Amino acid sequence: MKLLEVKNLKVFFPIKDKLFGKPTKFVKAVNNVSFEVEKGEIFSIVGESGSGKSTIALALMGIHERNGGSIIFNGAEVNQEDFKTLRRKIQIVFQDPDSSLDPRKRIKEIIAEGLRVHRVGDKAFIDEKVRDIVEKVGLTVDTLRKYPHELSGGQKQRVGIARALVLEPELIILDEPTASLDVSIQAQILNLLVDLQEALGLTYILITHDLKLVEHISDRTLVMYLGKVMEMGETKQIMNKPLHPYTKALIDSVPVPNPEKRNENEEILTGEIPSPLNPPEGCPFKTRCKYRMELCSKEPKSIKLENRVVFCHLYESKNLEV
Amino acid sequence: MPLLEVKNLTVEFHIPEGVLKALDGISFMLNEGEVLGIVGESGSGKSTTALSIMNLLPAPSGRIKEGEIFFKGEPLLEKIDELRGKDISMVFQNPLNSLNPSLKIGQQLMEVLQEHMDMSEEKAWNESIEALRMMGIPDPETMMNRYPFEFSGGMRQRAMIAMAMLCRPKLLIADEPTTALDVTIQAQILRIFKRLKKATQTSIIFISHDLSVIAQIADRVLIMYAGKILEISSVRDLFKRPLHPYTQGLLKSIPSFSKEKGKKLYSIPGNVPNLLNPPSGCVFHPRCPYTKEICNLETPPNFKVGNSTVSCWLFKGADVVETT
């Protein structure tokens, strides 16, 4: 069953040259992005910095207003004013628990805040709920009396997860949930997220730059570059046989944890992501793509191929094997 | 003779909460032309090791309490002010913090050559352009006249490496040089380090928390934890048969490309210890799956196993090495 449908989502940020007056330019942070998330799956959005992956997260939370497109949650169209009530159903876990937990509040208040704001139950109910959730994320009840600075990075991230869970949301957006943690703690948090998903039947949107994580944990993946979709499909298929040249380059850039596999001369992607203020016309990846052709100055169409969606002119005629 | 030898180095930080032992008697050496990887989590002491060699520990809180560092067989710290930037140079994680924001890149590069190599302005200009070109910076003549903020993250890191390599140093210390970069840019910077390794005789200390990056660049690896070195191995041995339970745990928790998609990962239980109050005996014993009684009581010495050394009681009975 579809839990979330996003159609032609657009989020633009205005750039002003002068202090007053109309904006002269727009950064098209998310430009015509469509995807669907099934109930109970882990859906990944991958991309490098500036790809627009976090902007999608904030648009799904209603924190960034969208400039176009529609969001359909549980079959109902979501308008900007609906987010206030909808936020109970869609929660987010941020990358850096240091900057997303209020340093002046006790852990108990931090976790209970959502329940209070949404007026869920009385004090006794809230107390019990908070105690219950804090044990579910692997913390002890005496953590509740503490302040964030008294906790380690991993513990703080567990609090972030508890805060998201306490409202019993249907969809949780994980924005780089392990990126700021130590290697030995990352695996703990990942396992916790997997356990919770299985126990509570949660749906995750995982936003990350870490392809190893995506490969390991997610069911389907959306690859983004400069605000646009490059490729989308089942994670396994994408990792085993990427179709889009960008996806392939991205996978090839990940260092392999094996000293026997050191390619000194492998092809690596040259150049850098163009400025989002001035993106290339047509396919945004054309400036770095080795298969670039004249056609690439035109907007690539969405092509359904091998059970996935790919935006690349190479596959329009399907004559070329990558 | 090794290029660099660190012997029994102990570094303390005096902070309001007490005395924190950031390094606790570590010893290692580095050969000429070798790339030594240092792996560790936050608080393991990997950056403190780098700063101690450079004599750049934050004053007045940080100080070397014990131990010696030898460079080409001579005590390093007496001469470090002459050597720093010339024979020993460093690249940091965040290039924006280590470049001067109000000077053009060209000026910053030329300054190094004029200061250390006594070069004429014209020669320094040409050498700097050549250095930028070697790092794959397009159109280096124009870039010389740009300010750091006009460079992208990847280009800044290239400029930093160019600057560090200007005087053809004997030793380059790179502290998490790719951590702040996107993965496609990380691949480009790693490529540069691989080329440096081939083309120059410079020894490199490459610090990273990422074992995959270390697998790609290092010859030998130090595994650090809570101010101690737990294992020293060649990179091949380390990945083929990790000895220390901590190393084994780190390797097992990498979500690997080849593994079947079972969603659970191996994870090391517990937390990184608080250095103000480190565990007794072996620093890793509270999190170790093989803990025995002795682990809690006595710090294990360095045992020699094959060509590696490991500080773990599991290897009791093997030869003990003093310095590694």
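Since this is a predicted model, take the numbers as computed values, not measurements.

About the cut-offs
Residues numbered from 1 in each chain as written. Chains lettered and ligands numbered in written order. Predicted model: local features only at pLDDT ≥ 70, side-chain atom pairs only at ≥ 80, totals over all residues. Heavy atoms only, no water. Helix = DSSP H or I, 4+ residues; strand = E, 2+ residues; numbered from the N terminus. Rg over C-alpha atoms; globule rule 2.2 N^0.38 Å. Buried < 20%, exposed > 50% of the residue type's maximum accessible area, 1.4 Å probe, protein only. Areas by Shrake-Rupley, 256 points an atom, 1.4 Å probe, with all protein chains shown as cover. Lys, Arg positive; Asp, Glu negative; His and termini not counted. Charge placed at Lys NZ, Arg CZ, Asp CG, Glu CD. Pairing = 2+ DSSP bridges. Salt bridge = Lys/Arg side-chain N within 4 Å of Asp/Glu carboxyl O. Contact = heavy atoms within 4.5 Å. Buried area = accessible area lost by both parts, 1.4 Å probe. Polar contact = N/O pair within 3.5 Å; in protein donor to acceptor, adjacent residues only side chain to side chain. Nonpolar A, V, L, I, M, F, W, Y, C, P; charged D, E, K, R; others polar. Domains from an automatic or database assignment. Core = buried A, V, L, I, M, F, W, Y, C linked by side-chain atoms within 4.5 Å. Axes fitted to C-alpha atoms, helices over the stretch in contact; angles between N-to-C directions. Parallel < 35°, antiparallel > 145°, perpendicular 65-115°, else oblique. Left-handed = near helix turned anticlockwise from the far one by under 90°.

Let's talk about the overall build of chain A
A tally of helices and strands in chain A yields 11 helices and 12 strands. In terms of C-alpha radius of gyration, chain A reaches 21 Å, essentially the compact-globule figure of 20 Å for 322 residues. Taken over the C-alpha atoms alone, chain A extends approximately 65 × 60 × 40 Å along its principal axes. Expressed as a percentage of the 322 residues in chain A, the buried residues total 53%. Counting only carbon and sulfur atoms, one obtains 48% of the accessible surface of chain A, whose full area is about 15100 Å². The average position of the 47 basic charges and that of the 46 acidic charges among the side chains of chain A differ by 5 Å.

What to know about the sheet that holds strand S1 (residues 4-15) of chain B
Residues and elements named next belong to chain B. The four strands are arranged S2-S1-S4-S5 in an open sheet whose pairing can be described as antiparallel. In this open sheet, the two strands that pair with only one neighbour each are strand S2 (18-30) and strand S5 (74-75). By the bridge criterion, 10 bridges tie S1 to S2 in an arrangement that is antiparallel. Its bridge partner being in S2, Val-6 is matched across the sheet by Phe-28.

Overview of the pattern of salt bridges
Applying the stated criterion across every chain, the model contains 29 salt bridges over all chains. When the shortest N-O distance is used, the salt bridge between Asp98(A) and Lys156(A) registers 2.6 Å. Residue Asp98(A) is found in helix H3 (residues 97-100), and its partner Lys156(A) is found in helix H6 (residues 153-165); the two are separated by 58 residues along the sequence. When its relative accessible area of 51% is taken as the criterion, Asp98(A) is described as exposed. The residue Asp219(B) makes a salt bridge to Lys197(B) at a minimum N-O spacing of 3.0 Å. Taken as a pair, Asp219(B) in the loop between helix H9 (211-217) and strand S9 (220-225) and Lys197(B) in helix H8 (residues 183-199) lie far apart in primary sequence, 22 residues in all. You can call Lys197(B) partly exposed: its relative accessible area is 22%.

Side note on the interface of chain A and chain B
Listed as interface residues are 45 residues of chain A and, on the opposing side, 48 residues of chain B. Around 4200 Å² of area is buried between chain A and chain B when both sides are counted, 51% of it from carbon and sulfur atoms. In terms of surface lost to chain B, no three residues of chain A exceed His216(A), Arg262(A) and Glu272(A), which account for 17% of the buried area on that side. Connecting chain A to chain B are 19 residue pairs in polar contact (both at pLDDT 80 or more). Contributing elements (two or more residues each) for the side of chain A that touches chain B: helix H7 (183-200), helix H8 (211-217) and helix H10 (245-253) of chain A. For the side of chain A that touches chain B, the element with the most residues is H7(A), which contributes 10 residues. Across the side of chain A that touches chain B, the residue classes break down as 17 nonpolar, 15 polar and 13 charged.

Side note on the domain arrangement of chain B
All names here are of chain B. With domains assigned, chain B is organised as domain 1 (4-87 + 170-274) and domain 2 (89-166). The distance between the C-alpha centroids of domain 1 and domain 2 comes to 25 Å. Across the contact, 25 residues belong to domain 1 and 16 residues belong to domain 2. Both faces considered, domain 1 and domain 2 share a buried interface measuring about 1800 Å² in area, 70% of it formed by carbon and sulfur atoms. Per-residue buried area on domain 1 facing domain 2 is highest for Lys-86, Leu-172 and Ile-192; these three make up 24% of the total on that side.

Describing the nonpolar core
One finds Leu4(B), Phe28(B), Leu171(B), Ile173(B), Phe193(B) and Phe206(B) to be the most contacted residues of the largest nonpolar core, which totals 98 residues. Formed jointly, this core draws a minimum of three residues from each of two domains, domain 1 (4-87 + 170-274) and domain 2 (89-166) of chain B. Those residues within four positions of Ile173(B) in sequence are excluded, and the remaining contacts are Ala50(B), Ile53(B), Met54(B), Ile88(B), Ser89(B), Met90(B), Val91(B), Ile205(B) and Ile207(B). By size, the runner-up hydrophobic cluster in this structure holds 41 residues, among which are Ile110(A), Ile111(A), Val130(A) and Val194(A).

Quick notes on helix H11 (residues 245-252) of chain B
At 3.6 residues per turn, the α-helix brings residues three or four places apart onto the same side. Burial analysis of H11(B) places six of its eight residues in the buried class, the great majority of the element. By the burial criterion, the buried members of H11(B) are Pro245(B), Tyr246(B), Thr247(B), Gly249(B), Leu250(B) and Leu251(B). Along its buried surface, H11(B) packs onto H7 of chain A together with strand S3 (35-39), H9, S9, strand S10 (228-234) and helix H10 (235-240) of chain B.

Focus on the sheet that holds strand S7 (residues 171-175) of chain A
Residues and elements named next belong to chain A. What the eight strands build is an open sheet, ordered S6-S7-S8-S3-S9-S10-S12-S11; its pairing is mixed. The sheet is open, and its two edges are formed by strand S6 (90-93) and strand S11 (303-305), each paired on a single side. Taking the axes of each pair of neighbouring strands and ignoring which way they run, one obtains an average angle of 20° across the sheet. Examined bridge by bridge, strand S3 (residues 42-46) and strand S8 (residues 203-208) share five bridges and lie parallel to one another. Each bridged residue has a counterpart across the sheet, and for Val-46 the counterpart in S8 is Thr-208. This element, H10, spans strand S9 (220-225) and strand S10 (228-234) of the sheet and lies at about 100° to S9.

Quick word on the packing of helix H4 (residues 107-117) of chain A against helix H5 (residues 123-136) of chain A
All names here are of chain A. Relative to each other, H4 and H5 sit at 125°, their axes nearing to 10 Å. Of the possible angle classes, the one that applies to H4 and H5 is oblique. Seen along the crossing, H4 lies across H5 with a hand that is right-handed. From H4, Lys-108, Ile-111, Ala-112, Leu-115 and Arg-116 reach across to H5, where they touch Ile-126, Asp-127, Lys-129, Val-130, Ile-133 and Val-134.

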